[in-house]
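Below are the chains, spelled out letter by letter.
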Amino acid sequence: MTWELAVTLKILGGSILAPLVFRFLGDVPPRERIYRIMLQYAWTVVFAVGVMIVLGFTSSRDLWPIAVIGALMPFAVFFQWRAMAISPSRTGIFMEGTSIIPLLMSAILLGEWKAFEGNGQLLFGFILVLVSVALHARMDIRNKGKVGEASSPTTGFLRNAVGFMLIFAVATFLENYWAKTGIQTPEFLVTWYVGAFAGSVILFAATRYLPRSTTPQLQTKKEQVLIFLAAVSIIFSLGLQFVAFTLVEQTVALPIMSVGGVIGPVLVGMLIFHEWKMIKGWGWLDIGLGFVGALIMAFSH
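Residues numbered from 1 in each chain as written. Predicted model: local features only at pLDDT ≥ 70, side-chain atom pairs only at ≥ 80, totals over all residues. Heavy atoms only, no water.

Digging into the overall build of the protein
And then number 1: If you tally the helices and strands in the protein, you get ten helices and zero strands.
And then number 2: Starting at the N terminus, the α and β elements of the protein follow one another as α-α-α-α-α-α-α-α-α-α.
And then number 3: In the protein, buried positions account for 49% of the 301 residues.
And then number 4: Of the accessible surface of the protein, which amounts to about 14700 Å², a share of 70% is contributed by carbon and sulfur atoms. (Helix = DSSP H or I, 4+ residues; strand = E, 2+ residues; numbered from the N terminus. Buried < 20%, exposed > 50% of the residue type's maximum accessible area, 1.4 Å probe, protein only. Areas by Shrake-Rupley, 256 points an atom, 1.4 Å probe, with all protein chains shown as cover.)

Let's talk about the pattern of salt bridges
And then number 1: Taken as a whole and judged by the stated rule, the model has two salt bridges.
And then number 2: Here Lys180 makes a salt bridge to Glu112, at a shortest N to O gap of 3.6 Å. Of this pair, Lys180 sits in helix α6 (residues 154-180) while Glu112 sits in the loop between α4 (88-109) and α5 (120-145), placing them 68 residues apart in sequence.
And then number 3: Overall, Lys180 belongs to the partly exposed group, its relative accessible area being 38%. (Salt bridge = Lys/Arg side-chain N within 4 Å of Asp/Glu carboxyl O.)

What about the packing of aromatic side chains?
And then number 1: In total, this model carries ten aromatic pairs according to the counting rule given.
And then number 2: With centroids separated by 6.3 Å and ring planes inclined at 50 degrees, the aromatic side chains of Phe78 and Phe79 adopt a geometry described as tilted.
And then number 3: What makes Phe79 partly exposed here is its relative accessible area of 24%.
And then number 4: Grouping aromatic residues by their ring pairs yields a cluster made of Trp178, Phe188, Trp192 and Phe242. (Phe/Tyr/Trp six-rings, centres within 6.5 Å; stacked < 30°, edge-to-face > 60°.)

What about a nonpolar patch on the surface?
And then number 1: On the surface, a nonpolar cluster with roughly 590 Å² of combined accessible area is contributed by Ile100, Leu104, Ile108, Leu109, Leu110 and Tyr177.
And then number 2: In terms of residue count, the dominant contributor to the nonpolar patch is α4 (four residues).
And then number 3: Within the fold, Leu109 resides in helix α4. (Patch = residues over 30% accessible without salt bridge, like charges linked within 9 Å, V, L, I, M, F, W, Y side chains within 5 Å.)

Some remarks on the packing of helix α2 (residues 30-55) against helix α3 (residues 64-86)
And then number 1: Two elements in contact, α2 and α3, have axes whose closest approach is 11 Å; the angle formed by their N-to-C orientations is 155 degrees. Of the possible angle classes, the one that applies to α2 and α3 is roughly antiparallel. Viewed along their axes, α2 and α3 form a crossing whose handedness is right-handed. Along its contact with α2, which presents Pro30, Arg33, Ile34, Ile37 and Tyr41, the element α3 presents Met73, Pro74, Val77, Phe78 and Trp81.
And then number 2: Residues of the contact of α2 with α3, tallied by class, amount to nine nonpolar, no polar and one charged. (Axes fitted to C-alpha atoms, helices over the stretch in contact; angles between N-to-C directions. Parallel < 35°, antiparallel > 145°, perpendicular 65-115°, else oblique. Left-handed = near helix turned anticlockwise from the far one by under 90°. Contact = heavy atoms within 4.5 Å. Nonpolar A, V, L, I, M, F, W, Y, C, P; charged D, E, K, R; others polar.)

Regarding the environment of Phe242
And then number 1: Mapped onto the fold, Phe242 is located in helix α8 (residues 221-247).
And then number 2: In the structure, Phe242 is positioned 70 residues away from Thr172 in sequence and 9.5 Å away in space, judged by C-alpha atoms.
And then number 3: With residues near it in sequence (within four places) discarded, Phe242 still touches Glu175, Trp178, Ala179, Ile183, Gln184, Thr185 and Phe188.

Comments concerning the nonpolar core
Across soluble globular proteins, you tend to see nonpolar side chains buried next to one another.
And then number 1: Grouped together as the largest cluster of nonpolar side chains are 61 residues, with contacts concentrated most on Val7, Phe164, Trp178, Phe188, Trp192 and Tyr193.
And then number 2: Broken down by element, the residue count for this core peaks at eleven residues, all from α6.
And then number 3: In this view, Trp178 contacts Pro65, Ile66, Ile69, Ile183, Phe188, Trp192 and Phe242; residues no more than four positions away in its chain are not counted.
And then number 4: Counting six residues, the second largest nonpolar core, distinct from the first, contains Ile34, Tyr35, Met38 and Phe204. (Core = buried A, V, L, I, M, F, W, Y, C linked by side-chain atoms within 4.5 Å.)

Regarding the side chain of Thr207
And then number 1: Within the element layout of this structure, Thr207 appears in the loop between α7 (185-206) and α8.
And then number 2: A distance of 2.8 Å separates a polar atom in the side chain of Thr207 from the backbone oxygen of Leu203.
And then number 3: Once you skip the residues sitting within four places of it in the chain, Thr207 turns out to touch Arg31, Ile34 and Phe78. (Polar contact = N/O pair within 3.5 Å; in protein donor to acceptor, adjacent residues only side chain to side chain.)

Looking at the packing of α2 against α8
And then number 1: Where α2 contacts α8, the axes come no closer than 8 Å and their chain directions differ by 55 degrees. The pairing of α2 with α8 is recorded here as oblique in orientation. α8 is crossed by α2, and the crossing has right-handed handedness. Of the residues in α8, those touching α2 at Arg36, Leu39, Gln40, Tyr41, Trp43, Thr44, Phe47 and Ala48 are Glu223, Ile227, Phe228, Ala230, Ala231, Val232, Ile234 and Ile235.

See the structure below:
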């Protein structure tokens, strides 16, 4: 598999299928939302073990750091929800850090800045992608800033925002590091999602104080199917992202994935939910710059 194909399939799974599934699931009180995450991670463990059985792996490596980082992911999602509840506009700023920080860490600590040496086309595409992401962040902040935001102490917001940003950023960098050390995709997925499921169980037990409408349970077959599809989409997405990092520098793959994370949900809204009118002139420029920049990077490496 080429890195271009891995990145493309990752975007299809993580930036198109996943947003579509979560949109159909709809919103629920925090307690039920955490319960859904716990079930979702339970399914991912099943899928990861299935991948391990089919592809096989034998390893004497010490994999517990991967499990620890996986266990932190449900907490990062929880911190992100809490930050969004306090200030959607300010949360958008910290979301950009989840891509920028690992890019800088990989460029400095792993020497991946060398990918741009003597490749002006790759650098130009990279700049276009960054401009697209920055433009999207600016529009997102302006749009969400129009919505009334809950009043809460600034320290409460910063604690949650910095928490989710650092966990996501460090996890993305470490995923790249582990991919470069020869860890196989099956062993990574199994260890990561065992940790994530354990973390979600701890989070569910620790958040009994949260408001809820009912005792958390899956009410319909439709919801059960959607939880299943959500699990498929996230393990599909993470697995392909890991494969991409084994094949190419993160400084090349991650910006394209970030653009996919912007464009994918927009396409879902336009094609499935007919939200064409919600995209204004700057929105089309954002999409165009990101798409062109991603293509230039893909064909320049």
